[in-house]
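Geometric and topological summary
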Amino acid sequence: MDTATENRRADTFSAILAGLQAGMLGVCWMLAWLGISAKWELRSFWTAENLMASAFYGDGAIRSGFAAKTLSGVALYLLIYSTLGALFAGVVADRLPRFRVVLMSVLFAMGWYYLSFRLLWKSLMPLVALLHSAQPTALGHMIYGAVLGRYPVYLARQEGTATEPTAVEALEKSGQLGGEESGDGVVP
């Protein structure tokens, strides 16, 4: 196989992993914002997660406060938005400057918001489409997009850690950890 093709696949895979990481972090920030904004609206901190849990439990998941069913809503948010982050990073990879990546990721997140909350959830999860708070959710998606747009930072960390020498290798190169044995058989 061609070396350039292998490098491109490795770069795309690294971008997908970085997008997965950024998507996970982005959805955590989005959920924190949704919880804070729900408290400002005098609703439960867990309103968004409970609404998402209605995908599994129907209207039985709609409650004030945290319950065991809330965990399924959190898991669904993490799964969907981490996957979206991986897909976005896999498509964009390293093709755009960082400012444009952030701009594109915010546009991507807002596009997903309108597609999911205005179209998909109306037929798949009608309680989510009906009961979500529109303005905080839209702002939460902007936060998600801004954090997702930072996936090149995680990509650089992955590449940086793969090429940095270990401490032992650095000492060997500097000559402090030489391969010569002393008379007692111990390596200095």
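In case you missed it, the structure is sitting above this.
Residues numbered from 1 in each chain as written. Predicted model: local features only at pLDDT ≥ 70, side-chain atom pairs only at ≥ 80, totals over all residues. Heavy atoms only, no water.

Looking now at empty space enclosed by the protein. One pass over the full model with this rule turns up 1 cavity of 30 Å³ or more. Computed from the structure, the largest cavity encloses a volume of approximately 140 Å³. Taken together, 19 residues form the lining of the largest cavity, with L34, R43, A48, S133 and T137 sitting closest to its centre. Tallied by class, residues from the lining of the largest cavity come to 10 nonpolar, 7 polar and 2 charged. (1 Å grid on protein atoms, 1.4 Å probe; cavity = no way out; pocket = protein on both sides within 12 Å on 5 of 7 lines; lining within 4 Å. Points joined across faces, edges and corners; volume = space filled by probe spheres on them. Nonpolar A, V, L, I, M, F, W, Y, C, P; charged D, E, K, R; others polar.)

With that settled, the discussion passes to the packing of helix α2 (residues 47-57) against helix α3 (residues 68-92). Contact geometry for α2 and α3: axes closest at 7 Å, N-to-C directions at 95°. One way to sum up the angle between α2 and α3 is to call them roughly perpendicular. Residues A48, E49, N50, M52, A53, A55, F56 and Y57 of α2 touch α3, and the partners they reach there are K69, T70, S72, G73, V74, L76 and Y77. (Axes fitted to C-alpha atoms, helices over the stretch in contact; angles between N-to-C directions. Helix = DSSP H or I, 4+ residues; strand = E, 2+ residues; numbered from the N terminus. Parallel < 35°, antiparallel > 145°, perpendicular 65-115°, else oblique. Contact = heavy atoms within 4.5 Å.)

What follows concerns the nonpolar core. Y77, Y81, W121, Y144 and Y151 are the most contacted members of the largest nonpolar core, which has 36 residues in total. Of all the secondary-structure elements, those providing two or more residues to this core are α1 (3-40), α2, α3, α4 (98-124), α5 (126-131), α6 (134-148) and α7 (151-163). Among all residues touching Y77, those that are not within four sequence positions of it are V27, M30, L31, L34, A48, E49, M52, S82 and F117. (Core = buried A, V, L, I, M, F, W, Y, C linked by side-chain atoms within 4.5 Å. Buried < 20%, exposed > 50% of the residue type's maximum accessible area, 1.4 Å probe, protein only.)

So, about unusual backbone geometry. With phi around 60°, L42 is a residue other than glycine that occupies positive phi space. For L42, the position within the fold is in the loop between α1 and α2. The exposure class of L42 is exposed, given its relative accessible area of 79%.

A full pass over the atoms with the stated rule returns 1 salt bridge. In this structure, the salt-bridge partner of E41 is R43, at a minimum N-O distance of 3.6 Å. Residue E41 is classed as partly exposed on the basis of its relative accessible area of 35%. (Salt bridge = Lys/Arg side-chain N within 4 Å of Asp/Glu carboxyl O.)

With that out of the way, let us pick up α6. With 15 residues, α6 extends 21 Å from end C-alpha to end C-alpha; this agrees with the ideal 21 Å at 1.5 Å per step. Among the residues of α6, P136, T137, A138, G140, H141, Y144, G145, V147 and L148 are the ones counted as buried. (Expected span 1.5 Å × (residues − 1).)

Each aromatic ring pair is summarised here by two numbers: the centre-to-centre distance and the angle between the ring planes. One pass over the full model with this rule turns up 11 aromatic pairs. Both rings, one in W46 and one in F66, keep their centres 5.0 Å apart while their planes meet at 65°; by these two values the pair is edge-to-face. Highlighted residues: W46 in the loop between α1 and α2 and F66 in the loop between α2 and α3, separated in sequence by 20 residues. By relative accessible area, W46 is classed as partly exposed at 28%. In this structure F66 comes out as partly exposed when scored by relative accessible area, which is 46%. Judged by centre distance (5.8 Å) and plane angle (25°), the ring pair of Y77 and Y81 falls under stacked. Here the residue Y77 and the residue Y81 both occupy positions in helix α3, the gap between them amounting to 4 residues, near one helical turn. For the pair formed by Y77 and Y81, the shared burial category is buried. Here a set of aromatic residues connected by ring pairs shows up, and it is made of W112, Y113, Y114, F117 and W121. (Phe/Tyr/Trp six-rings, centres within 6.5 Å; stacked < 30°, edge-to-face > 60°.)

With that settled, the discussion passes to α4. The largest bend in α4 amounts to roughly 40° and is located at S116. Along α4, the positions that sit buried rather than exposed are V101, S105, V106, A109, M110, W112, Y113, S116, F117 and W121. (Bend = angle between axes of the 7 residues up to and from the residue.)

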